[in-house]
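Residue-level structure breakdown
Chain residues, written in single-letter form:
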Amino acid sequence: MNREQAYALMLEHTPSASLRRHMLNVEAAMRWYARHWQEDEEGYAVTGLLHDFDYELHPSEHPTWGVEYLRANTDAAPEVLDAIMGHAAYTNTPRTTRLSQTLFAVDELTGLVQASALVRPDGDVRQVELKSLKKRFKNRAFAAGVNRDEVEQGARELGVELDEHMENVLAAMREMPETPSE
């Protein structure tokens, strides 16, 4: 499965612009880490784009429904499917690959970065500073849906210091086009 196919599938199954934006943010962070580690950027991008594609239409079955759908209807690689299962801690799917660890590590953090951008007067993620992000991370009332424990666990599983991980994800999201096509 390539990025174009993953993007089309994401659009087909994800009605809301905000969830689409989230998956594009995760894709950007996944690409950043793939380049950083000299891994397969396309595979990382596909994983980021598809990790939540089933969430809106099948929330109580997420991500199992999505993985079963991908297994039956696409040629998505097994490591992509494992990573998608592993990003949801409640599935108890072990994250044994760098791909699965990266998806888990960036998923929640991209939500915090996006929320930090949205409260800025300009709404521009390029203007979010690490210092501000760290302050918002400590304030559990801000973007309360972001699981800080999972952000910390994700950084540990990647073997990256939390501040460095935050800076990496910020860098990835700053590289994104201002208004991605939907």
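Our structure's up above, just so we're on the same page.
Because the structure is predicted, anything quoted here is derived from the model rather than measured. (Residues numbered from 1 in each chain as written. Predicted model: local features only at pLDDT ≥ 70, side-chain atom pairs only at ≥ 80, totals over all residues. Heavy atoms only, no water.)

Counting secondary structure elements, the chain contains nine helices and zero strands. Reading the helices (α) and strands (β) of the chain from amino to carboxyl end gives α-α-α-α-α-α-α-α-α. At 15 Å, the chain has a C-alpha radius of gyration in line with the 16 Å of a compact globule built from 182 residues. Projected onto its principal axes, the C-alpha positions of the chain cover 45 × 35 × 35 Å. Of all 182 residues assigned to the chain, the portion counted as buried reaches 51%. Of all intrachain contacts in the chain linking residues separated by at least 6 positions in sequence, the fraction that spans at least 24 positions is 65%. (Helix = DSSP H or I, 4+ residues; strand = E, 2+ residues; numbered from the N terminus. Rg over C-alpha atoms; globule rule 2.2 N^0.38 Å. Buried < 20%, exposed > 50% of the residue type's maximum accessible area, 1.4 Å probe, protein only. Contact = heavy atoms within 4.5 Å.)

So, about the environment of glycine 66. Residue position: glycine 66 is located in helix α4 (residues 64-73). Taking the C-alpha atoms as reference points, glycine 66 and aspartate 107, 41 residues apart in sequence, are found 16 Å from one another. Ignoring sequence-local partners within four residues, the contact set of glycine 66 consists of Phe53 and Asp54.

Below, the discussion takes up the nonpolar core. Counting residues in hydrophobic clusters, the biggest one holds 54 residues, and the most contacted among them are Tyr33, Leu50, Leu70, Val113 and Val169. Examining the composition of this core, we find that 11 residues originate from one element, helix α2 (residues 17-37), more than from any other. Not counting chain neighbours up to four residues away, the residues in contact with tyrosine 33 comprise Thr102, Val106, Leu158, Val160, His165, Asn168 and Val169. (Core = buried A, V, L, I, M, F, W, Y, C linked by side-chain atoms within 4.5 Å.)

This next bit is on the environment of alanine 172. By the secondary structure assignment, alanine 172 is in helix α9 (residues 162-174). Alanine 172 sits 35 residues away from phenylalanine 137 along the chain, and the two C-alpha atoms are 18 Å apart. In contact with alanine 172, other than residues within four places in its own chain, are Ala28, Ala29 and Trp32.

Here we come to the layout of surface pockets. Estimates place the volume of the largest pocket at around 490 Å³. Contributing to the lining of the largest pocket are 21 residues, with Leu19, His22, Asp52, Asp107 and Glu108 lying nearest its centre. Elements with a contribution of two residues or more to the lining of the largest pocket: α2 and α6 (98-118). Counting residues per element, the lining of the largest pocket draws most heavily on α6, which supplies six residues. (1 Å grid on protein atoms, 1.4 Å probe; cavity = no way out; pocket = protein on both sides within 12 Å on 5 of 7 lines; lining within 4 Å. Points joined across faces, edges and corners; volume = space filled by probe spheres on them.)

Okay, the side chain of serine 100 next. Note that serine 100 resides in helix α6. Other than its neighbours up to four places away in sequence, serine 100 contacts Ala83 and Arg95.

Tracing the chain through its elements places threonine 110 in helix α6. What makes threonine 110 buried here is its relative accessible area of 1%. Not counting residues within four places of it along the chain, the set of residues in contact with threonine 110 comprises His22, Asn25, Val26, Ala29, Val169 and Met173.

Summarising the element assignment, threonine 97 is placed in the loop between α5 (78-86) and α6. When its relative accessible area of 31% is taken as the criterion, threonine 97 is described as partly exposed. Residues threonine 97 and leucine 158 lie 61 residues apart in sequence; the distance between their C-alpha atoms is 9.8 Å.

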